[in-house]
Amino acid sequence: MIKGFSKLPAQQKLQIAAGKCHDPKAAALLFESFRHPDQEIQKILAGISENTISNYPLPYNVAPNFLINGKEYMVPMVTEESSVVAAAASAARFWHERGGFNATVSGTVKNGHVHFLYKGDSKQLERVMPDMRVFLRKYVWRITKKMEERGGGIRDMVLDDRTNIMPHYFQMHVTFETKDAMGANFINSCLEELSAGIKAFLSDTPGFNTQDLELLMAILSNYNEQCLAQVKVSCSVDALEQAAAGLSAGEFARRFILAVNIAEADVYRATTHNKGIMNGVDAVIIATGNDFRAIEAGAHAYASRTGQYRSLSTATLHNNTFTFSLEMPMTVGTTGGLTRLHPLAARSLEILGDPNAETLMKIAAAAGLANNFAAIRSLTTTGIQSGHMQMHLSNIILQLNASQQEATEIQSHFSTKKVSYQAVADYLRELRNN
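Reading the values: rules and limits
Residues numbered from 1 in each chain as written. Predicted model: local features only at pLDDT ≥ 70, side-chain atom pairs only at ≥ 80, totals over all residues. Heavy atoms only, no water. Helix = DSSP H or I, 4+ residues; strand = E, 2+ residues; numbered from the N terminus. Buried < 20%, exposed > 50% of the residue type's maximum accessible area, 1.4 Å probe, protein only. Polar contact = N/O pair within 3.5 Å; in protein donor to acceptor, adjacent residues only side chain to side chain. 1 Å grid on protein atoms, 1.4 Å probe; cavity = no way out; pocket = protein on both sides within 12 Å on 5 of 7 lines; lining within 4 Å. Points joined across faces, edges and corners; volume = space filled by probe spheres on them. Nonpolar A, V, L, I, M, F, W, Y, C, P; charged D, E, K, R; others polar. Phe/Tyr/Trp six-rings, centres within 6.5 Å; stacked < 30°, edge-to-face > 60°. Lys NZ or Arg CZ within 6 Å of the ring centre and 35° of its normal. Pairing = 2+ DSSP bridges. Core = buried A, V, L, I, M, F, W, Y, C linked by side-chain atoms within 4.5 Å. Contact = heavy atoms within 4.5 Å. Arc of directions from axis to C-beta. Axes fitted to C-alpha atoms, helices over the stretch in contact; angles between N-to-C directions.

Peer 1: I would appreciate a short explanation of the side chain of Gln171 in the present structure.
Peer 2: Mapped onto the elements of the fold, Gln171 is located in strand β6 (residues 169–177). Classification of Gln171 as buried rests on a relative accessible area of 7%. Only 2.8 Å separates the side chain of Gln171 from the side chain of Tyr169, close enough to count as a polar contact.

Peer 1: Quick question: what am I supposed to make of the layout of surface pockets here?
Peer 2: Vacant regions in the atomic arrangement are exposed by a probe of water-molecule size rolled over the atoms. Looking at the largest pocket, its volume works out to about 1600 Å³. Along the wall of the largest pocket there are 43 residues; nearest its centre are Ile48, Ile286, Gly289, Leu338 and His342. Sorting the residues of the lining of the largest pocket by element identifies α2 (24–33), α3 (39–48), α8 (184–204), α10 (267–287), α11 (292–303), α12 (338–341) and α13 (343–351) as the ones contributing at least two each. Of the residues contributing to the lining of the largest pocket, the split by class is 24 nonpolar, 17 polar and two charged.

Peer 1: Would you mind showing me how to read the packing of aromatic side chains here?
Peer 2: What describes a pair of aromatic rings is the distance from one ring centre to the other and the angle between the planes of the rings. Taken as a whole and judged by the stated rule, the model has 17 aromatic pairs. Centre to centre, the rings of Phe116 and Phe170 are 5.9 Å apart; their planes meet at 15°, and the pair counts as stacked. Placement of Phe116 in strand β4 (residues 110–118) and of Phe170 in strand β6 is noted, with a sequence separation of 54 residues between them. Among the aromatic residues, those joined into a cluster by ring pairs are Phe94, Trp95, Phe252, Phe256, Phe322, Phe324 and Phe373. One residue, Arg305, lies across the ring of Tyr302, its end atom 3.8 Å from the ring centre.

Peer 1: Would you mind going over the pairing of strand β10 (residues 321–329) with me for this structure?
Peer 2: Regular strands place their side chains on alternate faces of the sheet. By the bridge criterion, nine bridges tie strand β8 (residues 228–236) to β10 in an arrangement that is antiparallel. Along β10, the bridge assignment pairs Gln230 with Glu327. Pairing of strand β9 (residues 313–318) with β10, which is carried by six bridges, proceeds in the antiparallel orientation. Following the sheet pairing, Ser313 is matched in β10 by Leu326. Between β9 and β10, which pair antiparallel in sequence order, lie two residues; one of them, Asn319, sits at a positive phi of approximately 50°.

Peer 1: How do you make sense of the nonpolar core when you look at a structure like this?
Peer 2: Soluble, globular proteins show a tendency: their nonpolar side chains are buried together. Judged by nonpolar contacts, the single largest core of 70 residues is most densely connected at Phe66, Phe101, Leu240, Phe324, Met328 and Met330. When residues in this core are grouped by element, the largest group, 13 residues, is from helix α14 (residues 357–379). With near-sequence residues (within four places) excluded, Phe324 lies in contact with Val231, Lys232, Val233, Phe256, Val260, Ser313, Thr314, Ala315, Leu369, Asn372, Phe373 and Ile376. If you look at the next biggest cluster of nonpolar residues, it comprises 29 residues, including Phe116, Met157, Leu159 and Leu213.

Peer 1: When you look at helix α6 (residues 129–139) in this model, what are you seeing that I'm missing?
Peer 2: Working note: α-helix, 3.6 residues per turn, so residues spaced by three or four point in the same direction. Residues of α6 that are buried: Met129, Met132 and Leu136. Down the axis of α6, the sector holding all buried residues measures 55°, keeping them to one side. Away from its buried face, by an angle of more than 90 degrees, α6 presents the exposed residues Asp131 and Lys138.

Peer 1: Looking at this structure, I do not really get the sheet that holds strand β7 (residues 213–220). What am I missing?
Peer 2: Think of a sheet as strands paired side by side through backbone hydrogen bonds, with each pair either parallel or antiparallel. Pairing within the open sheet is antiparallel, and its four strands lie in the order β5-β6-β4-β7. Two strands lie at the open edges of the sheet, namely β5 (153–161) and β7, each paired on one side alone. With direction set aside, neighbouring strand axes in the sheet form an average angle of 20°. Across the sheet, α8 lies against β4, β5, β6 and β7, angled at about 165° from β7, the strand it touches most.

Following this line, the structure appears as structure tokens:
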């Protein structure tokens, strides 16, 4: 056990961590090499997290030609998977020629809860809720004041009786508007203050005994079903004529819709289908310094809202019009947090034209739908591995330590052939033997 590790100097932490590796000296040098050469930037990166000994770079990519609500965007994407960016760019270009993406946002309300046990008279607790609501708004005003000045703050407080799932269990369900901030710290600060306020109110209200009250926790929820982004693409079936080689427009639409319907009905397919959506969404969320884990959790909860895990996207054919759409919860910020602190997150927002939170929701959702479209188009036509492994070829070449000349010959050889690690390794061996 290492006591006081977080208080050690960064270099000492690095040496201790490197000592766990097979070659501590080489590992320490490698860790040091990935530190940013600009000390001010490294100070920012180290300050973002805890026990930072180095940086873990991921490729910073852009996907051009996203036409969203009539405006063109070059979309920053941080991901290690090259096919994600290629798929997004390909789908963006395809739909740019057919009117682009139409995106909307229905609601930006976020949820949080004070969880507590109450062993007293629940009816009495419900009766005093109007007075408690007034008291709590005043109690937490010093925290909400600045957010309210920006048009945000607490929207509502509702007492939820959850004794059907646990004896004596109640929630104070609080809804928030945080405008262009993701708002996690604001919401949690409010909830913790509200928790103390509940106890203070019951202490001063006749007929209540605070010994009947046990405050458990106060925390935001990452499931925000009233904070939704919707995005869709549509065109006449005839406009799909060039969607896939060897398939008529009608046949392409039929196979595509069948694939989406399978994801709607089958949990095994739905899971991978939705992962493909999150490929695009997460890449934008990471690039802009937002919390991709929160959005992942909310998206998968939303996909399960009917009691069965289903596709987040739908595809229809009606009156000769093909429509492909996506709806999912999305909580993002364009102020506060890492969005301006991380130098590249700030640049990402500049590339996007300094969007507000609602616009960023639309952009991220469009990237998700683009990746979903590209994946289903591949799956129902050439197969996913053809394009994916072609994109993965450069990674294989790197893993095999091929020279520049060998890499050129490998790229040429596999331009029309099926790619696999073993096939590339065998071909490289053949090149070297010759």
